[in-house]
Amino acid sequence: MKIDIEKEEDGRWIAEVSDLPGVLAYGKTREDAIANVKALALRVIQVVKP
């Protein structure tokens, strides 16, 4: 899964999984944002998968 990461103007980091629309998460650090978006992506995949 590809994760896109950017630093916002206010200092927060945002991570997004481009293959899963709407799956994005913020974090205080780059690592936090990545961990948060990975956890969210796994939840979304589990809900969608029959």
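Look up a bit, the structure's there.
Residues numbered from 1 in each chain as written. Predicted model: local features only at pLDDT ≥ 70, side-chain atom pairs only at ≥ 80, totals over all residues. Heavy atoms only, no water.

### A short note on the pattern of salt bridges
The cut-off we apply is this: By definition here, a salt bridge exists when the distance from a side-chain nitrogen of Lys or Arg to a carboxyl oxygen of Asp or Glu is within 4 Å. Three labels apply to residues, based on accessible area from a 1.4 Å probe with only protein chains included: buried if under 20% of the type maximum, exposed if over 50%, partly exposed otherwise in between.
Under the definition given, this model contains two salt bridges. Residue Lys2 pairs with Asp4 through a salt bridge whose shortest N-O separation is 3.3 Å. Looking at Asp4, the relative accessible area reads 30%, which means it is partly exposed. Salt-bridge contacts for Arg12 lead to Asp10; the nearest nitrogen and oxygen are separated by 2.9 Å.

### A short note on the packing of aromatic side chains
Stated formally: Aromatic pairs are defined between Phe, Tyr and Trp rings, using the six-membered ring for Trp, whenever the two ring centres lie within 6.5 Å; interplanar angles under 30 degrees are classed as stacked, those over 60 as edge-to-face, and all others as tilted. As a reminder, the over-ring test applies to NZ of lysine and CZ of arginine, requiring each to be within 6 Å of the ring centre and within 35 degrees of the ring normal.
Applying the stated criterion to the full structure yields zero aromatic pairs. Just above the ring of Tyr26 sits the side chain of Arg12; from NZ or CZ to the centre is 3.9 Å.

### Observations regarding the sheet that holds strand S2 (residues 13-17)
We apply this condition: Here, any two strands with at least 2 DSSP bridges between them count as paired. Per the convention used, a helix needs a DSSP run of H or I reaching at least four residues, while a strand needs a run of E reaching at least two, with both numbered from the N terminus. Here an angle of 0 to 180 degrees is reported between the N-to-C directions of two axes, which are lines fitted to C-alpha atoms, with helices fitted over the stretch in contact.
Within the open sheet, the three strands sit side by side as S1-S2-S3. Their pairing is antiparallel. A single partner strand is all that each edge strand has here, and the edge strands are strand S1 (3-7) and strand S3 (24-27). When strand polarity is set aside, the average angle formed by the axes of neighbouring strands in this sheet is 20°. Pairing of S2 with S3, which is carried by four bridges, proceeds in the antiparallel orientation. Along S3, the bridge assignment pairs Glu16 with Leu24.

### Digging into the pairing of S1
Two strands pair when backbone bridges link them, and S1 and S2 are joined in this way by five bridges, in the antiparallel orientation. Opposite Lys7, over in S2, you have Trp13 as the bridge partner.

### A few points about helix H1 (residues 30-48)
Worth spelling out the cut-off: Between the first and last residue of a helix there are one fewer steps than residues, each counted as 1.5 Å, and that sum is the expected span. The directions from the helix axis to the C-beta atoms form the arc being described. Note on definitions: a residue-residue contact is assigned when non-hydrogen atoms from the two residues lie within 4.5 Å.
Taking 1.5 Å as the rise per residue, H1 with 19 residues should run 27 Å; its terminal C-alpha atoms sit 27 Å apart, in good agreement. Within H1 the residues assigned to the buried category are Ala33, Ile34, Val37 and Ala41. The arc enclosing the buried residues of H1, seen along the axis, measures out at 95°, which places them on a common side. Set apart from the buried face of H1 by more than 90 degrees, the exposed residues are Glu31, Leu42, Arg43, Gln46 and Val47. Those residues of H1 that are buried are in contact with S1, S2 and S3.

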